[in-house]
Number of protein chains: 2
Amino acid sequence: MSDSFSPGERSRAKRVHERAHYDRDSIYAVLDAGCLCHVGYVIDGQPYVTPTIHWREGDQVYFHGSSASRMLRTVKQGIPVCLTVSFMDGLVLARSGFHCSVNYRSAMLFGQAEAVEDEAEKLAALKTLVDGLLPGHWPQMRAPNDQEMKATTVCRLNIEEASAKIRTGPPKDDEEDYALACWAGVVPMRTVIDPPIRDPRLNDEIADPDYLQQIVQA
Amino acid sequence: MSDSFSPGERSRAKRVHERAHYDRDSIYAVLDAGCLCHVGYVIDGQPYVTPTIHWREGDQVYFHGSSASRMLRTVKQGIPVCLTVSFMDGLVLARSGFHCSVNYRSAMLFGQAEAVEDEAEKLAALKTLVDGLLPGHWPQMRAPNDQEMKATTVCRLNIEEASAKIRTGPPKDDEEDYALACWAGVVPMRTVIDPPIRDPRLNDEIADPDYLQQIVQA
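Residues numbered from 1 in each chain as written. Chains lettered and ligands numbered in written order. Predicted model: local features only at pLDDT ≥ 70, side-chain atom pairs only at ≥ 80, totals over all residues.

When its secondary structure is counted, chain A shows five helices and nine strands. Written out in order from the N terminus, the α and β elements of chain A read β-α-β-β-β-α-β-β-α-α-β-β-β-α. The C-alpha extent of chain A, read off along each of the three principal axes, is 65 × 45 × 35 Å. The long-range fraction of contacts in chain A, counting pairs at least 24 apart against all pairs at least 6 apart in sequence, stands at 71%. (Helix = DSSP H or I, 4+ residues; strand = E, 2+ residues; numbered from the N terminus. Contact = placed C-beta atoms within 7 Å.)

Structure follows, in structure tokens:
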């Protein structure tokens, strides 16, 4: 397997080429840095962008939900899909409006999705999701029963084309603007995890498990 | 103006109706809670989902970028667009895998975009963007010149249909599962802004302005 995806018409950067990456390491790093993605698909010429949770194994990106979901019923038919994952890392204040920017990481994937039909494979995929987000929770909780498995669709997107775009660092101003008396720099932002909130109906005798601490520190 | 958008075929929730909102207050609140959106559009049947910065004035949502951007060149032609804004607010750990969930807020807008052609209107829109994200920075920085204005496209999307989906609160388990010895609750997450990082080329005599403090506290 090549270390890079071959950029095609859909994924090749049209501009700001120094921000574009096609290697698997860069693209995987963006995909794996969070679990919120946006899935784009088309029904009768109308685009839809649906936020959902994703997880990855190799070149396969998974997402799931209710079998009644319009998004899942549509994309599992194997139509073209674009799946995008983005993070805003900061506001970039330049000395000119034109060079104000944001620091960000994004990955844009193109491919076709299919439903994971094999029951064992589907259960394994769901376990991978839970183990990835909530390590330690799967053995504690009740596993899905047959009815719940039927009510759940798991989709797998095979990455055909992909690119990442990443901007980091300070503003890049026009040389003559560096003399201006204007503050310039970056206001960084990031996502933090706060202390867990116990379900009000949780039995007092159930202590906060160690794995919660790991999630909060992750 | 009605306080709600009329849900149409594109925006009416197909399931989990208690999470769906069509009133302007709910939808505006999601749109205004952050500046990262995902714009969906179609080229030759292929969907694309491009992350970008958005801002809002009434029922108009704006986004901008290089005039060479594929996304902007495409959507300004007035084709159908879907613009989605999403926030993940927490992981919801239930006593069964089926009821594990996430707390989130999302808004999905449908409409057509057009380029803001009038120069004064375009400059005013860019000022609204900067004033919203970086209040105080516009008067300090160099305003865009003619060439930069030409190189920048500002698009305005008029919201035709819209919906918000919001999940909050603890897990909702099956009644019989509340007896299980499994931790349940919410692991909250949020975006924080860190202390500003001065551009290494910033003149030492330029102090951190007060408006930076406001951005960090916002």
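This part covers the interface of chain B and chain A. In this assembly, 79 residues from chain B lie in contact with 79 residues from chain A. For the side of chain B that touches chain A, the element with the most residues is strand β8 (residues 185–193) of chain B, which contributes nine residues. In terms of strand pairing, strand β9 (residues 197–198) of chain A meets β8 of chain B through two bridges, oriented antiparallel. Its bridge partner being in β8 of chain B, Arg 198 of chain A is matched across the sheet by Gly 185 of chain B. (Pairing = 2+ DSSP bridges.)

Take chain B, turn it by 180°, move it 0.0 Å along the axis, and it overlays chain A with an RMSD of 0.0 Å. The superposition operator between the copies reduces to a two-fold rotation axis. Of the C-alpha atoms belonging to chain B, the one lying closest to the rotation axis is found on Thr 191 of chain B, 2.1 Å away. Residue by residue, 100% of the interface of chain B is reproduced at the interface of chain A, so both copies engage with the same surface. (Least-squares fit on C-alpha atoms with pLDDT ≥ 70 in both.)

Residues and elements named next belong to chain B. All of the buried residues along helix α1 (residues 24–32) are Ile 27, Val 30 and Leu 31. One side of α1 carries all its buried residues, which in axial view fall inside an arc of 100°. Here the buried face of α1 lies against β1 (20–21), β3 (46–57), β4 (60–66), β5 (80–93), β6 (101–115) and β7 (152–167). (Buried ≥ 20, exposed ≤ 12 C-beta atoms within 10 Å, placed from the backbone. Arc of directions from axis to C-beta.)

Below, the discussion takes up the nonpolar core. Counting residues in each nonpolar core, the largest one holds 73 residues, and the members touching the most others are Ala 107 and Leu 109 of chain A together with Ala 107 and Leu 109 of chain B. Ignoring any residue separated from it by four or fewer positions in sequence, one finds Leu 109 of chain B in contact with Val 61, Cys 82, Leu 83, Leu 157, Ile 159 and Ala 162 of chain B. (Core = buried A, V, L, I, M, F, W, Y, C linked by C-beta atoms within 7 Å.)

The pLDDT averaged across chain A works out to 95; a share of 98% of its residues lies at or above 70. The ipTM for the predicted assembly is 0.95, set against a pTM of 0.96. (pLDDT = per-residue confidence, 0-100.)

Pairing of strand β8 (residues 185–193) of chain A with β8 of chain B, which is carried by five bridges, proceeds in the antiparallel orientation. Within β8 of chain B, the position partnered with Ile 193 of chain A by the bridge is Met 189 of chain B. Pairing analysis gives four bridges linking β5 of chain B to β8 of chain B, with the strands arranged antiparallel. The residue bridging Leu 93 of chain B from the neighbouring strand is Gly 185 of chain B, located in β8 of chain B.

So, about unusual backbone geometry. You will see that Asp 44 of chain A, though not glycine, has its phi angle at about 50°, which is positive. Judged by local crowding, Asp 44 of chain A falls into the exposed class, with 7 C-beta atoms found within 10 Å.

Take the pairing of β5 of chain B next. Residues and elements named next belong to chain B. The element β5 is extensively covered by neighbouring structure, given that 13 of its 14 residues are classed as buried. Pairing of strand β2 (residues 36–43) with β5 involves three bridges; the strand directions are antiparallel. Pairing of Val 39 across the sheet is with Leu 83, part of β5. When β5 meets β6, the two strands line up antiparallel, connected through 12 bridges. Directly across from Val 85, in β6, lies its bridge partner Ala 107.

So, on to the environment of Tyr 28 of chain B. Tracing the backbone through its elements, the reader meets Tyr 28 of chain B in helix α1. Between the C-alpha atom of Tyr 28 of chain B and that of Arg 56 of chain B, which follows or precedes it by 28 residues, the distance is 8.3 Å.

Moving on to the environment of Ser 67 of chain B. All names here are of chain B. Tracing the backbone through its elements, the reader meets Ser 67 in the loop between β4 and α2 (70–75). On the basis of neighbour count, Ser 67 is assigned to the partly exposed category, with 16 C-beta atoms found within 10 Å. For the pair Ser 67 and Met 88, spaced 21 residues apart in sequence, the C-alpha separation works out to 31 Å. With residues near it in sequence (within four places) discarded, Ser 67 still touches Leu 72, Lys 150, Ala 151, Thr 152 and Thr 153.

Before going further, it helps to spend a moment on the environment of Asp 23 of chain A. All names here are of chain A. Structurally, the position occupied by Asp 23 is in the loop between β1 (20–21) and α1 (24–32). Taking the number of C-beta atoms within 10 Å as the measure of exposure, Asp 23 has 15 and is therefore partly exposed. For the pair formed by Asp 23 and Ala 115, sequence separation is 92 residues and the distance between their alpha carbons is 27 Å. Those residues in contact with Asp 23, other than ones at most four positions away along the chain, are Asp 3 and Ser 4.

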